[in-house]
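# A look at the structure
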Amino acid sequence: KEQAGLDGIRADAHAEYEKEKAELKEALHGIRSALDVLRDYYGGDGGGAAAAMLQKDDDFDAFVQQPAPPHKHSKAENAGASVIKFLENIESDIADNLSKLETEEADAKSGYDKMSTEISVTSGGTKTELKHDEQAAKSLDTTMAEVQSDEETANSEIRAVEQYLARLKSRCLGKT
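We now turn to the structure provided with this report. Bear in mind the structure is a predicted one, so any value in this text is a computation, not a measurement.

Quick look at the overall build of the protein chain now. When helices and strands are tallied, the protein chain shows four helices and zero strands. Going from the N terminus to the C terminus, the protein chain shows its helices and strands as α-α-α-α. The buried share of the protein chain, reckoned over its 176 residues, is 12%. Counting only contacts in the protein chain whose residues sit at least 6 apart along the sequence, the fraction spanning at least 24 positions is 89%.

A separate point is the nonpolar core. Tyr17, Leu24, Leu28, Ile31, Leu35, Ile84, Leu87, Ile94, Leu98 and Leu101 form the largest nonpolar core, which has 10 residues in total. If you list the elements that add at least two residues to this core, you get helix H1 (2–42) and helix H4 (77–175). Look past the residues within four positions of isoleucine 84 in its chain and what remains in contact with it is Leu35, Leu38, Arg39 and Tyr42.

What follows covers the side chain of arginine 10. Mapped onto the fold, arginine 10 is located in helix H1. Non-local contacts of arginine 10, meaning those with residues more than four positions away in its chain, are made with Glu105, Ala108, Lys109 and Tyr112.

Another aspect to go through is H1. When the terminal C-alpha atoms of H1 are compared, their 59 Å separation across 41 residues agrees well with the 60 Å that a helix rising 1.5 Å per residue should span. Within H1 the residues assigned to the buried category are Leu6, Arg10, Tyr17, Lys21, Leu24, Leu28, Ile31, Leu35 and Tyr41.

All right, on to the environment of valine 37 then. Relative to the assigned elements, valine 37 resides in helix H1. The spatial distance from the C-alpha of valine 37 to the C-alpha of isoleucine 84 is 10.0 Å, given a sequence separation of 47 residues.

Next up on the list: the environment of isoleucine 90. Among the structural elements, isoleucine 90 can be located in helix H4. For the pair isoleucine 90 and isoleucine 31, spaced 59 residues apart in sequence, the C-alpha to C-alpha distance is 7.8 Å.

For the coordinates displayed, the defined rule picks out four salt bridges. Close ionic contact of glutamate 105 with arginine 10 constitutes a salt bridge, the shortest N to O distance being 2.5 Å. You can see glutamate 105 sitting in helix H4 and its partner arginine 10 sitting in helix H1, a full 95 residues away along the chain. Like glutamate 105, the residue arginine 10 is buried in the burial classification. The shortest N-O distance in the salt bridge between aspartate 113 and lysine 109 comes to 3.3 Å. A residue pair is termed a helical-turn pair when its members lie 3 or 4 positions apart in one helix, as aspartate 113 and lysine 109 do in helix H4 at four residues. Judged by its relative accessible area of 33%, aspartate 113 falls in the partly exposed class.

Rules behind the numbers
Residues numbered from 1 in each chain as written. Predicted model: local features only at pLDDT ≥ 70, side-chain atom pairs only at ≥ 80, totals over all residues. Heavy atoms only, no water. Helix = DSSP H or I, 4+ residues; strand = E, 2+ residues; numbered from the N terminus. Buried < 20%, exposed > 50% of the residue type's maximum accessible area, 1.4 Å probe, protein only. Contact = heavy atoms within 4.5 Å. Core = buried A, V, L, I, M, F, W, Y, C linked by side-chain atoms within 4.5 Å. Expected span 1.5 Å × (residues − 1). Salt bridge = Lys/Arg side-chain N within 4 Å of Asp/Glu carboxyl O.

Given below as structure tokens:
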């Protein structure tokens, strides 16, 4: 009973861990993808990175004509750097949370394994004690039966001796 309850709790905790782990990995993947795009864009190489952000399908270019960027347009380098820094902090926090989650799961699994072992040893010890007690009871039953048989034999012998004594007394008393 105790092991079954422990198994149920462990299964629920593990399912929750798997769900949270998947969510954190997905968030981490999304943040890293965003960082890659932003680093490519703000990374330097002039307009090449900005051009990489545009769609490059020839049919699409023929269909839609993009106006030339305004002459005053320039990348907001400081804003880009601060956004990247902010996303790097978020990435670090998510990675830390994932690491903590995995450590907690490992600790929970270790605790579960330890408790399972203790329950197994305890129930095994109880079963062994019960087996020894049953053997002792059988041994006592056998001894009791032997003692009762010995008592019956002794009583039978006593009755035989008393009968013989009674016959002797009657012979001896009858001759004098």
